Amino acid sequence: MSRVLELDAVSGGYGDTEILHGINMHVEAGEIVVVIGPNGAGKSTAMKAVFGLLNLTAGSVRLDGVDITNTPPSDVVKQGVCYVPQTNNIFANLSVEENLEMGAFVRNDDYRPQLEKIYQMFPPLREKRQQAAGDLSGGQRQMVAMGKALMLEPKILLLDEPTAGLSPKYRGEIFSTVRTINAAGVPILMVEQNAKQALGIADRGYVLVDGSNSVMGTGQDLLNNPNVGELFLGGGRA
Amino acid sequence: MYALYDFINFHFIPGLVLGSIYALGAIGVTLTFGILRFANFAHGESMTLGAYIAWTLITLTGWHPIAVLPLAMLITAVVAVGIDRGFYKPFRAAPTIMLVIASFGMMLMVRSAIQFSWGVQLKSLQSGIQQPLILFDAIRISPKHVVIVGAALALMVIIHLILSRTKMGKAMRAMSDSPELAKLTGIDTEQVIRNTWIIGGALAAAAGVLLAYDTHVETMMGFQVLLPVFAAAILGGIGKPYGAMIGGLIIGLAEELATYPWIGDTPLVSPGYKAGVAFVLMIGILLWRPSGIMRGRTF
């Protein structure tokens, strides 16, 4: 298995505040990797580190073996990393189709076959393609955000808490969407609060505490790990 | 019946003409506000500059104002992009209040440059008196008013097509929605900004030329319409080009209709206070519906 993405002893933060203290993480081809941890552990920050949104003071980020440490976001996108932020991840005033077209902004080739694939993957988006994306339900908005990211046929998809603020019904919808995307061959690195459900679909997971690695293992291992259970899954009842 | 014709000839038609001009100016203001997040005080001077460039082109070629309009728009757009490069780009990461102040300074600089280059005397784009078109024996429409409204409408249709059909137009709307997400999506934000100045500058020039065609060329002309243009942009909803079009027409009509003798024989609002109408409307909108007609951004 080849490593699509690798974070090697990454440290960094915003301004002078260091949030990540030497994090190690990797995603292999075809994997879903979930990052969990308490609030303020640096989960989302780790993701931003990959995307060039953070000032890295040490360590390196590699994409397919190529060093992309401290590359600005616009170039990271061009190299095939797509990032879906937790909030504010769609253009609310643009139609669904325009959102998807914007996802393909850096492409100069014909993106219509990919648009067709995304409509096949998310039939509700085809139905509502002329509607303003901001008028869609929370679950469908996440579909737009992910579909928009997939327009580039990325090497890896980064999802920052895709189920945050969604009702349980939509949460299930999102997790099955993530699976569908992954089944199409896109590796996924995902930060999640709903640890139990997320680990259920994950190949592997990382637990971050205070900006450092705490535990790592397969989704099942982490679900069965009593310490992890105690910390994040509700008093070890997992 | 006489009153109705009067109403149309002296209030409604001039309102429509003024409204079309405000609308063109407001589209540029709202686009720069939406995409660059600052109120561009120098926008009125772009209008003035466009009018002076048109005057020079007409003096050189003897062509009709509409014939030189595209070239005047192009030159003004180039100047607008140049000003952005030299004066606004260094402030891109700074708090927007700095850009507002910078644009205020730019307003004074451009106006002074115009006064220095062209002098301060009134100029006309076209001399002579035109026979009005007379409809139903009583409605008098000046041909230049038909031309002004027609040209403004044509430009608005072009803007609509650019914003809704082209990749760059969609990217402009996307960036107006969320500059942060536009960057994460890989949209070339500098290219979007450049195009915003091109469109904003060109439309400001068009508004200035049409205003000068209706009245005359004068160094304060852009500044004098800046307030109604801002009012139109706010009324329509900041960042909403279609709102700016509607807002412009409403403000233009409101200014002219306010001088109609609605009660008794004297104008409701003395023509001297016409400019105050836009101001009152702007305050009213900010108090009661700050997001404007099209639910734009509020601050």
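Before any of the text, the structure's been laid out above.
Remember, it's a predicted structure, so these values are computed and weren't measured experimentally.

(A) Structural detail: the overall build of chain A. In terms of helices and strands, chain A carries ten helices and ten strands. Taking 18 Å as the expected radius of gyration for a compact globule of 238 residues, we find that chain A reaches 17 Å, a close match to that expectation. Taken along the three principal axes of its C-alpha coordinates, chain A extends 45 × 40 × 35 Å. Of the contacts made within chain A by residues no fewer than 6 positions apart, 66% connect residues no fewer than 24 positions apart. When the accessible surface of chain A is split by element, carbon and sulfur atoms take 45% of a total near 9,800 Å².

(B) A look at the overall build of chain B. Broken down by element type, chain B carries eleven helices and two strands. Going residue by residue from the N terminus, the α and β elements of chain B occur as α-α-α-α-β-β-α-α-α-α-α-α-α. Here the C-alpha atoms of chain B give a radius of gyration of 19 Å, agreeing with the 19 Å that 2.2 N^0.38 yields for 299 residues. Seen through its principal axes, chain B has C-alpha atoms that stretch 60 × 50 × 35 Å.

(C) Highlighting the side chain of Thr-196 of chain B. All names here are of chain B. Mapped onto the secondary structure, Thr-196 falls in helix H8 (residues 189–214). Classification of Thr-196 by relative accessible area gives buried; the value is 0%. Excluding residues that lie within four positions of it along the chain, Thr-196 makes contacts with Leu-31, Thr-32, Ile-35 and Met-172.

(D) Fine view of a nonpolar patch on the surface. All names here are of chain B. On the surface, Leu-71, Leu-74, Ile-75, Val-78 and Val-79 cluster together to form a nonpolar patch covering roughly 400 Å² of accessible area. Along the chain, the position of Leu-71 falls in helix H3 (residues 65–88). Residue class for Leu-71 comes out partly exposed when judged on its relative accessible area of 42%.

(E) The arrangement of helix H9 (residues 221–236) of chain B in detail. Residue and element names in this part refer to chain B. Between its terminal C-alpha atoms H9 stretches 23 Å, which fits the 22 Å expected from 16 residues at 1.5 Å a residue. A maximum bend of about 35° is found in H9 at Leu-227, where proline Pro-228 lies one to four positions downstream. The buried count for H9 comes to 13 of 16 residues, which makes it a mostly enclosed element.

(F) Quick look at the pattern of salt bridges. Residues and elements named next belong to chain A. The full count for this structure, using the stated rule, is 14 salt bridges over all chains. Of the charged contacts in the structure, one is a salt bridge between Asp-110 and Arg-112, with a shortest N-O distance of 3.1 Å. For Asp-110, a relative accessible area of 46% gives the class partly exposed.

(G) Molecular detail of the interface of chain B and chain A. In this assembly, 19 residues from chain B lie in contact with 21 residues from chain A. Approximately 1,700 Å² of surface area, both sides summed, lies buried where chain B meets chain A, with 60% of it carried by carbon and sulfur atoms. Across the chain B-chain A interface, the total number found is two salt bridges. The salt bridge involving Lys-170 of chain B is made with Glu-101 of chain A; its shortest N-O contact spans 2.5 Å. One can count eight residue pairs in polar contact (both at pLDDT 80 or more) joining chain B with chain A. Where the side of chain B that touches chain A is concerned, the elements lending two or more residues are helix H6 (167–177) and helix H7 (179–184) of chain B. When residues of the side of chain B that touches chain A are assigned to their parent elements, the largest contribution, seven residues, is made by H6 of chain B. Of the residues that constitute the side of chain B that touches chain A, the class distribution is seven nonpolar, five polar and seven charged.

(H) Highlighting the sheet that holds strand E4 (residues 55–63) of chain A. Residue and element names in this part refer to chain A. With antiparallel pairing, the four strands of this open sheet are ordered in space as E2-E1-E4-E5. Either end of the sheet is taken by a strand with one partner, and the two such strands are strand E2 (17–28) and strand E5 (66–67). Taken together, the eight bridges between strand E1 (residues 3–14) and E2 define a ladder with antiparallel strand orientation. From the neighbouring strand, Val-10 faces E2, where its bridge partner is Ile-23.

(I) Structural detail: the packing of helix H2 (residues 43–61) of chain B against H3 of chain B. Residues and elements named next belong to chain B. Two elements in contact, H2 and H3, have axes whose closest approach is 8 Å; the angle formed by their N-to-C orientations is 130°. On the basis of their axis angle, the class for H2 and H3 is oblique. Every pair of crossing elements has a handedness; the one defined by H2 and H3 is right-handed. Residues Ser-46, Leu-49, Gly-50, Ile-53, Ala-54, Leu-57, Ile-58 and Thr-61 of H2 touch H3, and the partners they reach there are Pro-65, Val-68, Leu-71, Ala-72, Ile-75, Thr-76 and Val-79. Its residues placed into classes, the contact of H2 with H3 shows eleven nonpolar, four polar and no charged.

(J) Spatial organisation of the side chain of His-145 of chain B. Residues and elements named next belong to chain B. When you line up the elements, His-145 lands in helix H5 (residues 143–165). A distance of 2.8 Å separates a polar atom in the side chain of His-145 from a polar atom in the side chain of Asp-214. In contact with His-145, not counting residues within four places along its chain, are Ile-13, Val-17 and Asp-214.

Rules of the game
Residues numbered from 1 in each chain as written. Chains lettered and ligands numbered in written order. Predicted model: local features only at pLDDT ≥ 70, side-chain atom pairs only at ≥ 80, totals over all residues. Heavy atoms only, no water. Helix = DSSP H or I, 4+ residues; strand = E, 2+ residues; numbered from the N terminus. Rg over C-alpha atoms; globule rule 2.2 N^0.38 Å. Contact = heavy atoms within 4.5 Å. Areas by Shrake-Rupley, 256 points an atom, 1.4 Å probe, with all protein chains shown as cover. Buried < 20%, exposed > 50% of the residue type's maximum accessible area, 1.4 Å probe, protein only. Patch = residues over 30% accessible without salt bridge, like charges linked within 9 Å, V, L, I, M, F, W, Y side chains within 5 Å. Salt bridge = Lys/Arg side-chain N within 4 Å of Asp/Glu carboxyl O. Expected span 1.5 Å × (residues − 1). Bend = angle between axes of the 7 residues up to and from the residue. Buried area = accessible area lost by both parts, 1.4 Å probe. Polar contact = N/O pair within 3.5 Å; in protein donor to acceptor, adjacent residues only side chain to side chain. Nonpolar A, V, L, I, M, F, W, Y, C, P; charged D, E, K, R; others polar. Pairing = 2+ DSSP bridges. Axes fitted to C-alpha atoms, helices over the stretch in contact; angles between N-to-C directions. Parallel < 35°, antiparallel > 145°, perpendicular 65-115°, else oblique. Left-handed = near helix turned anticlockwise from the far one by under 90°.

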